[in-house]
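Geometric and topological summary
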Amino acid sequence: MASPFSPGLLLLRLLRTARSRHHPLPSSSSSPSYFPRRRSALLEASVNLDLGGRDGGFLSSSRATMPLISPSVYRVFFSTRTSELDEAQGPAVIDYRSLLSEDEFHRLADATIHDLQEKFEEYGDSVQIDGYDIDYGNQVLTLKLGSLGTYVINKQTPNRQIWMSSPVSGPARFDWDVATKSWIYRRNKVNLLQLLEEELGQLCGKPIDLS
């Protein structure tokens, strides 16, 4: 049988006492001294609960104070926090694998990389750069520009992306954009071929057409 002094029973009795003693607020003509004597016990009372249970469930002034809060306050609090979290999360991330099948990805990515390899070979015949070299193996295209740096371009099948490491702009991941039918870096909306044209033209001193 539960102890008559258990925290749960004491809290229940306190709530019942608060309801029985509650009175509507006085009108503006009432004496101001009414308020200190008639404060709502339900909203302002606090109880000291023995969380350890070592003193038989009696109220203890050494325990943490737990204020009683109206249920409406909890509803406002949680509804506000939920809306803030929803805004912080932002829109859902799109899974581009659902928009591009694996076979279609390989077809588009292979065509792009092989075309780049041919264009790089033609471009190498028209520029004089020590260390200019092209290598393709294990689905990785490497363009070496000697002391100017090295480009590495490869497929990332699980992500349906083409990854590129540039000596100028650094690493980037390009997704296939159905609307423009091109590989786009979604962070800054840059086009893979246009980026290579701009950077190679600056590094090598001669324009290159990759379209």
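One can find the structure itself at the top, above this paragraph.
The structure displayed is predicted, hence computed values, not measured ones. (Residues numbered from 1 in each chain as written. Predicted model: local features only at pLDDT ≥ 70, side-chain atom pairs only at ≥ 80, totals over all residues. Heavy atoms only, no water.)

What about the side chain of N191?
Note on placement: N191 falls in strand β9 (residues 190-191). Within the local environment of N191, its side chain forms a polar contact with the backbone nitrogen of Q194, the two atoms lying 3.2 Å apart. Beyond its immediate chain neighbours, meaning those up to four positions away, N191 contacts F174, S182, W183 and I184. (Helix = DSSP H or I, 4+ residues; strand = E, 2+ residues; numbered from the N terminus. Polar contact = N/O pair within 3.5 Å; in protein donor to acceptor, adjacent residues only side chain to side chain. Contact = heavy atoms within 4.5 Å.)

Some thoughts on the sheet that holds β9
Here we have seven strands laid out as an open sheet, ordered β3-β4-β5-β6-β7-β8-β9, and antiparallel in their pairing. Of all the strands in the sheet, just β3 (132-137) and β9 have a single pairing partner and so form its edges. The sheet contact formed by strand β6 (residues 161-166) and strand β7 (residues 170-177) spans six bridges and is antiparallel. Residue pairing in the sheet places S165 in a bridge with P171 of β7. (Pairing = 2+ DSSP bridges.)

Examining the packing of aromatic side chains
Two numbers describe a pair of aromatic rings. These are the distance of the centres and the angle of the planes. For the structure on display, the rule yields three aromatic pairs. When the ring of F174 is compared with that of Y185, the centres are 5.8 Å apart and the planes differ by 50 degrees; the resulting orientation is tilted. Within this pair, whereas F174 is found in strand β7, its partner Y185 is found in strand β8 (residues 182-185), the two being separated by eleven residues in sequence. Relative accessible area serves as the criterion here: at 0%, F174 is assigned to the buried category. Ring-pair connections join several aromatic residues into one group, and the members of that group are F105, W176 and W183. (Phe/Tyr/Trp six-rings, centres within 6.5 Å; stacked < 30°, edge-to-face > 60°. Buried < 20%, exposed > 50% of the residue type's maximum accessible area, 1.4 Å probe, protein only.)

A closer look at the environment of Q202
With respect to the helices, strands and loops of the structure, Q202 is situated in helix α6 (residues 192-204). Each C-alpha atom, one on Q202 and one on V168, is 9.8 Å from the other, the two residues being 34 residues apart in sequence.

Considerations on the nonpolar core
The biggest cluster of nonpolar side chains holds 31 residues, and the ones touching the most others in it are F120, Y132, I153, W183 and L196. Among the secondary structure elements, those contributing two or more residues to this core are α5 (102-124), β3, β4 (140-145), β5 (150-156), β6, β7, β8 and α6. Non-local contacts of F120, meaning those with residues more than four positions away in its chain, are made with Y132, I134, L141, L143, I153, L196, L200, I208 and L210. (Core = buried A, V, L, I, M, F, W, Y, C linked by side-chain atoms within 4.5 Å.)

A few points about the pairing of β5
With five bridges joining them, β4 and β5 adopt antiparallel strand pairing. Looking across to β5, one finds that V140 is bridged to N154. What sits between β4 and β5 in their antiparallel hairpin is a turn of four residues, with G146 showing a positive phi close to 65 degrees. Inspection of the sheet shows β5 paired to β6 by five bridges, in the antiparallel sense. Looking at β6, one finds that K155 is bridged to I162. Connecting β5 to the antiparallel partner β6 that follows it, the hairpin turn spans four residues, and R160 within it adopts a positive phi of roughly 55 degrees.

Looking at α5
Between the first and last C-alpha of α5 there are 32 Å, a value that for 23 residues agrees with the 33 Å anticipated at 1.5 Å per step. Burial in α5 covers these residues: F105, L108, A109, T112, I113, L116, K119, F120, Y123 and G124. (Expected span 1.5 Å × (residues − 1).)

Concerning unusual backbone geometry
Non-glycine residue Q139 carries a positive phi angle of around 65 degrees. Summarising the element assignment, Q139 is placed in the loop between β3 and β4. For Q139, a relative accessible area of 41% puts it in the partly exposed group. We note that K189 has phi near 65 degrees; this positive angle belongs to a residue other than glycine. The topology assignment puts K189 in the loop between β8 and β9.

With respect to the pairing of β3
Judged from the six bridges that link them, β3 and β4 form a sheet pairing that is antiparallel. Residue pairing for β4: I134 is matched across the bridge by L143. Where β3 folds back on β4, the antiparallel hairpin that results is connected by two residues, among which N138 adopts a positive phi of roughly 55 degrees.

Any link to function would need more than the numbers given here.
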